[in-house]
Amino acid sequence: MIENLVIVESPAKARTIERFLGKNYSVKSSFGHIRDLKKKDLGVDVEHDFQPQYEVTADKKTVVKELKQLAKESKTVWLASDEDREGEAIAWHLFETLELKPDSTRRIVFHEITKEAIMHAIEHPRSIDQHLVDAQQARRVLDRLVGFKISPVLWKKIKSALSAGRVQSVAVRLIVEREREINRFEEQKYYKVSGLFLASDDGEAPSAVKAELPERFQSREETVQFLEHCKDASFTVSNVETKPATRKPAPPFTTSTLQQEASRKLGFAVSQTMGIAQKLYENGHITYMRTDSVNLSQLAINSAKKVITETLGKEYLHTRQYATQSKGAQEAHEAIRPTYMDKESIPGDAKEQQLYSMIYKRTLASQMADAKLERTVVTIAISGHPRAFVATGEVILFDGFLKMYRESFDDEKEDEHMEMLPALRAGDRLQRKQIEALEQYTAHPPRYTEASLVKKLETLGIGRPSTYAPTITTIQNRNYVSKESRPGKEREIEQFVLAGNQVTRKPLVRHFGTEKRKLFPSDVGMLVTDFLCEHFTNIMDYNFTAKAEEALDNIAEGQLQWQSMIRDFYAPFHANVEKTMKESERNTGERVLGNDPATGAAISVRIGRFGPIVQVGEGEQVRYASLRKEQLMETITLEEALDLLKFPRTLGEYEGKPITVAIGRFGPYVKHDQLYANLKKGVDDPATISLDDAIARVKEKRESENNRKIREFENGACILNGRFGPYITFEKSNYKIPKTQDATLLTFEETMEIIEKGGDAKTKPVKVDAKKEAATTKTTRRKMTKTK
């Protein structure tokens, strides 16, 4: 008989908790949710008040069987899944599926995995919170209804294999609208003027003063005219304004601010941040990582107070409690912080240490004194001209929390550090050293990064801490959105420099439009967004999604019955689905660009089976070309389409066979015989690549294939080196090689044996003899030939 069975949702969490409990406790993992809505059908009984139809998932049947047996042998079962809605639902599903008894089942929660927290939870158990369970069920049912009902409409009206989601579709809409805002943007040229002046101070070496002209000139003529005026002008300090300033530390991390800061400081994807944070939590290093609270417990504040006082001094201490702005009823009630404030570093890989260090420093900084600064603005008058230069400086009088942590921002200008200025007084004459005017162009609205998208979703009230990462991952996996870095384009600009008594023009080349880890919508994403906005305005409305989150919060608080929320939503929604399926037209986003100058045939762009394509002609004369990755159906021009239709382009012959260059779904490539070789990004241009360069790519591909290939058999079976180790490929299927076998020594018979058994990792090496060979299927026997 087991005295106490503790069930958590992950093996890592189980191992950590087991260290704190004695021999009377056995800790097991459910490996996440053990059951979900049925996959084959809707999984919701609409006719019976939207009753969810659950089933144990195939991969969890063994786990459930084991846990059910252990539960029968245990005096007390402790359900210790996470304290948010998902965790509460896991506990409820365990209770229902394992057929647990109320009098021998305890529900415990904790927001940090420490011995003190675990023991406190065991001393203060509670029952399963049905309101939290209902809120999770309502979200799951609502999302299933939206996805299951709208997706078939998209398959019929746009393209197969598409999907829609209550939160994901709205997130895509944000990215699409920003892209169109960028496409509508008309850049303006201007000239930015800056000056370098020298200030003398009682015979000492002159100090440099950098200043800018706040206004921008719109034309070259106006700019040169200003510089000509400055040749003989005098420059005098007309005003010096000095003000004290204070910078306050940012609150401790919530889920969204952690995701944003990890993206900006560490370059982590949102899903990557949450995966690392999950590990840190399960290993007992940080508190629960899904929260929108900025509150810190008094114990944490006292611990931070001790560390700050002992390491930095009392003058750096300023304890404070932050107020949570968002409702966030379903999440934890404390910010993300280290479980032990005196633990400056932790064991783990580099990324875990980086994220922990950021959490540690941000938490400590939140309890530190404000930074004291002095900001100075100096106005420099230009004789005979109404405009004036402005120099801005900043002096840190007391660094306070900045000694520990400096917050990052999406807008880099917000994080700029101003330089110190020399002591200046009104009336001081300054010596002009150099004035320069640089040609610039106004920048379009910034595309979303994962961090700024999370911030926007949170601002609009769309989603909750537990949904940001999966939403952003889903829209990328569905190919509605891609995360890319694009180099921008070189541009010739000019710079005018006034030095001495001469204005000189200097031609320069600068990069404009560089994008780093930005989110770009795909053509399919834009087309689906337009269709949903036209036919499902309610679902795509930002307010609807935010109000749905509020309703879920109310359910979690017991203020609203969950079926009532679903009933109110479903009737008009279902009617709209039926109407759209019957009345709306099929939409492939087709747009006629013009006519082919050579044949007069119409050239159009649309969504094809494998993505966006350009088409010219009809019937037997039709030709297609895939769009490049950076091109969009909305913005592609006739000239660009004609360039695409030049492919495939024959470059010549190599080894007696033609070699061509073309553009496919995954970018430009060279084809020779049956070999396909990608062009080098940023090096090769498919429109201008030479035959010699194409041959070089073919040779490189061959060498790569030869290094990858361990062995090849005459029937087409091949043993290859893969990213995760050697594997077999045969007839477009891959087969895992058992760890007990050496891939380099596999015989033909052993290879085919692995293929027949489906590549089971547990399969032991078996050499096929004549008798066994005779018993194989006709298909396999026919394919068995001698090795090369």
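This text follows the structure it describes.
What you see is a predicted model; the values in this text were computed from it and never measured.

J.: Any details on the overall build of the chain? Residues and values, ideally.
T.: Tallying secondary structure elements over the chain gives 22 helices and 30 strands in all. If one aligns the C-alpha atoms of the chain with their principal axes, the spans along those axes are about 100 × 80 × 60 Å. Across the chain, contacts joining residues at least 24 apart in sequence account for 69% of those joining residues at least 6 apart.

J.: A description of the side chain of Glu439 should follow, citing residues and the corresponding values.
T.: Within the secondary structure, Glu439 is located in strand S14 (residues 429-441). The charged side chain of Glu439 is buried without a salt bridge, its nearest counter-charge being Lys189 at 4.3 Å. Within the local environment of Glu439, its side chain forms a polar contact with the side chain of Tyr441, the two groups lying 2.5 Å apart. At a separation of 2.9 Å, a polar atom in the side chain of Glu439 contacts the main-chain amide nitrogen of Glu494. Ignoring any residue separated from it by four or fewer positions in sequence, one finds Glu439 in contact with Lys189, Tyr190, Tyr191, Ile493 and Glu494.

J.: Account for the packing of aromatic side chains, with residues named and values stated.
T.: The geometry of two aromatic rings is summed up by the distance between their centres and the angle between their planes. Applying the stated criterion across every chain yields a total of 17 aromatic pairs. Consider the rings of Tyr54 and Trp92, whose centres lie 6.1 Å apart with planes at 70°: the pair is edge-to-face. Separated by 38 residues along the polypeptide, Tyr54 in strand S6 (residues 54-56) and Trp92 in helix H3 (residues 85-97) bring together distant segments of the chain. A residue is classified by how much of its surface remains accessible, and Trp92, at 13% relative accessible area, is buried. Clustering of aromatic rings is evident, with ring pairs tying together Phe197, Phe217, Phe226, Phe235 and Phe389.

J.: Got a sec to walk through the pattern of salt bridges? Specific residues and values, please.
T.: Under the counting rule described, the total for this entry stands at 49 salt bridges. For Arg140, the salt bridge goes to Asp36, with nearest N and O atoms at 3.0 Å. Pair noted here: Arg140 is in helix H5 (residues 130-157) and Asp36 is in strand S3 (residues 35-37), with a separation of 104 residues, a long-range link. The class of Arg140 is partly exposed, set by a relative accessible area of 26%. Residue classification places Asp36 among the partly exposed residues on the basis of a relative accessible area of 24%.

J.: Mind laying out helix H12 (residues 450-460), listing which residues take part and the relevant values?
T.: When H12 is considered as a whole, its buried residues turn out to be Glu450, Ala451, Ser452, Leu453, Val454 and Leu457. Those residues of H12 that are buried are in contact with helix H6 (168-184), helix H8 (255-266), helix H9 (270-282), helix H13 (468-477), strand S15 (481-486) and strand S18 (515-521). Positioned one or two residues after H12, Gly461 has a phi angle of 75°, which is positive.

J.: An account of the pairing of strand S11 (residues 235-247) is needed here, citing residue identities and associated values.
T.: Of the strand pairs in this sheet, S11 and strand S12 (residues 371-382) are connected by twelve bridges, and their pairing is antiparallel. Its bridge partner being in S12, Arg247 is matched across the sheet by Ala371. As paired elements, S11 and S14 share two bridges and run antiparallel to each other. Along S14, the bridge assignment pairs Thr236 with Arg429.

J.: Any details on helix H7 (residues 220-231)? Residues and values, ideally.
T.: A rise of 1.5 Å per residue sets the reference length of H7, with its twelve residues, at 16 Å; its end C-alpha atoms lie 17 Å apart and thus fit the reference within 8%. Among the residues making up H7, those that are buried are Thr223, Phe226, Leu227 and Cys230. Projected down its long axis, H7 carries its buried residues within an arc of 95°, all on one side. Exposed positions of H7 whose direction lies more than 90 degrees from the buried face are Glu221 and Gln225.

J.: Tell me about the nonpolar core, residues and numbers included.
T.: The tendency in soluble globular proteins is for nonpolar side chains to be buried as a group. Core analysis: the biggest nonpolar cluster contains 142 residues, and Phe110 and Leu355 have the highest contact counts within it. The dominant element in this core, judged by the number of residues it contributes, is H5, at eleven residues. Setting aside residues up to four positions removed in sequence, Phe110 forms contacts with Lys13, Ile17, Ala80, Glu83, Ala117, Ile118, Ala121 and Tyr281. In this structure, Phe226, Ala391, Ile435 and Ala437 belong to the second largest nonpolar core, which totals 26 residues.

J.: So, the sheet that holds strand S8 (residues 105-107): which residues are in play, and what are the values?
T.: Ordered in space as S2-S1-S7-S8, the four strands form an open sheet in which the pairing is parallel. Among the strands making up the open sheet, the edge pair consists of strand S2 (25-29) and S8. With strand direction ignored, the average angle separating the axes of adjacent strands in the sheet is 25°. Looking at chain direction, strand S1 (residues 2-8) and S2 are connected through five bridges and run parallel. Residue pairing across strands places Val6 opposite Val27, the latter belonging to S2.

J.: Describe in detail the packing of H5 against helix H14 (residues 523-535), supporting the description with residues and values.
T.: Between H5 and H14, the shortest axis-to-axis distance is 12 Å and the interhelical angle comes to 115°. The element H5 and its partner H14 pack so that their crossing is right-handed. Of the residues in H14, those touching H5 at Ile150, Val153, Leu154 and Lys157 are Val528, Phe531 and Leu532. When its residues are assigned to classes, the contact of H5 with H14 shows six nonpolar, no polar and one charged.

J.: Go over the environment of Gly488, please, and point to the residues and values.
T.: Along the chain, the position of Gly488 falls in the loop between S15 and strand S16 (489-499). With 26 residues separating them along the chain, Gly488 and Thr514 place their C-alpha atoms 4.1 Å apart. Excluding residues that lie within four positions of it along the chain, Gly488 makes contacts with His511, Phe512, Gly513 and Thr514.

J.: Tell me about the side chain of Asp428, residues and numbers included.
T.: Mapped onto the elements, Asp428 comes out in the loop between strand S13 (388-398) and S14. This buried residue, Asp428, is left without a salt bridge; Arg425 holds the nearest opposite charge, at 4.0 Å. At 2.9 Å, the side chain of Asp428 forms a polar contact with the backbone nitrogen of Arg425. Contacts of Asp428, omitting those with residues within four sequence positions, involve Phe235, Thr236 and Val237.

J.: Outline unusual backbone geometry, listing residues and values.
T.: Across the junction of Phe647 and Pro648, the peptide omega takes the value 0°, indicating a cis bond. Residue placement: Pro648 occurs in the loop between helix H18 (638-644) and strand S23 (649-654). Although it is not a glycine, Phe31 adopts a positive phi angle of roughly 55°. By the element assignment, Phe31 lies in the loop between S2 and S3.

J.: Tell me about the pairing of strand S29 (residues 725-730), and name the residues and values.
T.: Where strand S28 (residues 718-722) meets S29, five bridges bridge the pair, whose relative direction is antiparallel. Among the inter-strand pairings, Cys718 is bridged to a residue of S29, identified as Thr729. Turn length for the S28-S29 hairpin, with the two strands adjacent in sequence and antiparallel, is two residues. Bridge analysis of S29 against strand S30 (residues 733-736) gives four bridges, and the strand direction is antiparallel. Pairing of Phe730 across the sheet is with Ser733, part of S30. Hairpin connection from S29 to S30: two residues lie between these consecutive antiparallel strands, with Glu731 at a positive phi of about 50°.

What counts, and at which threshold
Residues numbered from 1 in each chain as written. Predicted model: local features only at pLDDT ≥ 70, side-chain atom pairs only at ≥ 80, totals over all residues. Heavy atoms only, no water. Helix = DSSP H or I, 4+ residues; strand = E, 2+ residues; numbered from the N terminus. Contact = heavy atoms within 4.5 Å. Buried < 20%, exposed > 50% of the residue type's maximum accessible area, 1.4 Å probe, protein only. Lys, Arg positive; Asp, Glu negative; His and termini not counted. Salt bridge = Lys/Arg side-chain N within 4 Å of Asp/Glu carboxyl O. Polar contact = N/O pair within 3.5 Å; in protein donor to acceptor, adjacent residues only side chain to side chain. Phe/Tyr/Trp six-rings, centres within 6.5 Å; stacked < 30°, edge-to-face > 60°. Pairing = 2+ DSSP bridges. Expected span 1.5 Å × (residues − 1). Arc of directions from axis to C-beta. Core = buried A, V, L, I, M, F, W, Y, C linked by side-chain atoms within 4.5 Å. Axes fitted to C-alpha atoms, helices over the stretch in contact; angles between N-to-C directions. Left-handed = near helix turned anticlockwise from the far one by under 90°. Nonpolar A, V, L, I, M, F, W, Y, C, P; charged D, E, K, R; others polar.

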